[in-house]
Amino acid sequence: MPTARDPRPLTGEPLALDLLNTRWTADGVTRDLLADLDGLAVWLESNRLAGIHPADAQVLAHLRTAREALRAAVDSSPGQAAPLVDAVLEHGRIRARLTAAGPAEEPEFADPSWAPAWLAARDYLKLLARAPERIRACAGGGCVLHFYDTSRNGTRRWCSMAVCGNRAKASRHYARSRDA
């Protein structure tokens, strides 16, 4: 049975930030894709994780735990949130192997229901190693979304130029025309 369409305003971000973006604001109301198992199935499908583990209550609980750990990490200093992120990372590890194609690394989990949450936390570590200053919260007033700035000069400010960026520019234009 096909999953429902992903209703979130911003998708396609790296896995860690995509997990953070399962909670967003629309028309002044906070929405949560991980409010139920149907939303979990949508998120797993959107991130090509549907085959890792079925969308069940355990996976949902673990993803919510990882989301709160990642939220703490992006909203404060990484050092303050380290115990929360580390608690998620304790549920998996990387297994190095030599294959016919060469070196390979595979994640291993004692409890497979932690796999999606662990993969998101691991992705956050990769983002921190690559360019931590490019992990950003949207500058749009009232927007709670996060993105990884891939712009050439690293000056992206909004989750979406079409929505939050346009709203900010329209607000500035209105203020200028009102003052004139």
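See the structure above.
Residues numbered from 1 in each chain as written. Predicted model: local features only at pLDDT ≥ 70, side-chain atom pairs only at ≥ 80, totals over all residues. Heavy atoms only, no water.

Caption draft 1: The pattern of salt bridges, seen in detail. For the structure shown, the criterion picks out 11 salt bridges. With its nearest N and O atoms 3.5 Å apart, the salt bridge here joins Arg95 to Glu108. In this pair, Arg95 sits in strand S3 (residues 92-99) while Glu108 sits in strand S4 (residues 102-109), placing the two residues 13 residues apart along the sequence. Judged by its relative accessible area of 34%, Arg95 falls in the partly exposed class. Using a relative accessible area of 25% as the deciding quantity, one classes Glu108 as partly exposed. Between Asp149 and Arg136 there is a salt bridge whose closest N-O contact spans 2.5 Å. (Salt bridge = Lys/Arg side-chain N within 4 Å of Asp/Glu carboxyl O. Helix = DSSP H or I, 4+ residues; strand = E, 2+ residues; numbered from the N terminus. Buried < 20%, exposed > 50% of the residue type's maximum accessible area, 1.4 Å probe, protein only.)

Caption draft 2: Looking closely at the packing of aromatic side chains. Applying the stated rule across the entire model yields 1 aromatic pair. The residue whose ring lies beneath Arg156 is Phe147, and the NZ or CZ to ring-centre distance is 4.0 Å. (Phe/Tyr/Trp six-rings, centres within 6.5 Å; stacked < 30°, edge-to-face > 60°. Lys NZ or Arg CZ within 6 Å of the ring centre and 35° of its normal.)

Caption draft 3: Representation of the packing of helix H3 (residues 57-75) against helix H5 (residues 115-130) within the structure. Taken N-terminus to C-terminus, the directions of H3 and H5 make an angle of 15 degrees; their axes are 8 Å apart at the nearest point. One finds that H3 runs roughly parallel with respect to H5. When you trace H3 past H5, the crossing you get is right-handed. Facing Val59, His62, Leu63, Ala66, Leu70, Ala73 and Val74 of H3, the residues of H5 in contact are Pro116, Ala117, Ala120, Ala121 and Tyr124. Of the residues belonging to the contact of H3 with H5, the class tally is 11 nonpolar, 1 polar and no charged. (Axes fitted to C-alpha atoms, helices over the stretch in contact; angles between N-to-C directions. Parallel < 35°, antiparallel > 145°, perpendicular 65-115°, else oblique. Left-handed = near helix turned anticlockwise from the far one by under 90°. Contact = heavy atoms within 4.5 Å. Nonpolar A, V, L, I, M, F, W, Y, C, P; charged D, E, K, R; others polar.)

Caption draft 4: Quick peek at H3. If you check H3, its first and last C-alpha atoms are 27 Å apart, about what 19 residues at 1.5 Å a residue would give, namely 27 Å. For H3, every residue scored as buried is listed here: Val59, Leu60, His62, Leu63, Ala66, Arg67, Ala69, Leu70, Arg71 and Ala73. N-cap assignment for H3: the residue whose side-chain oxygen lies 3.2 Å from the backbone N of Gln58 is Asp56. (Expected span 1.5 Å × (residues − 1). Polar contact = N/O pair within 3.5 Å; in protein donor to acceptor, adjacent residues only side chain to side chain.)

Caption draft 5: Summary view of the side chain of His53. Mapped onto the fold, His53 is located in the loop between helix H2 (37-46) and H3. Classification of His53 as buried rests on a relative accessible area of 14%.

Caption draft 6: Broad picture of the pairing of strand S1 (residues 23-26). Pairing of S1 with strand S2 (residues 29-32), which is carried by 4 bridges, proceeds in the antiparallel orientation. What sits directly across from Trp24, in S2, is Arg31. Linking two consecutive strands that pair antiparallel, namely S1 and S2, is a turn of 2 residues; a positive phi of about 55 degrees is found at Asp27 within it. (Pairing = 2+ DSSP bridges.)

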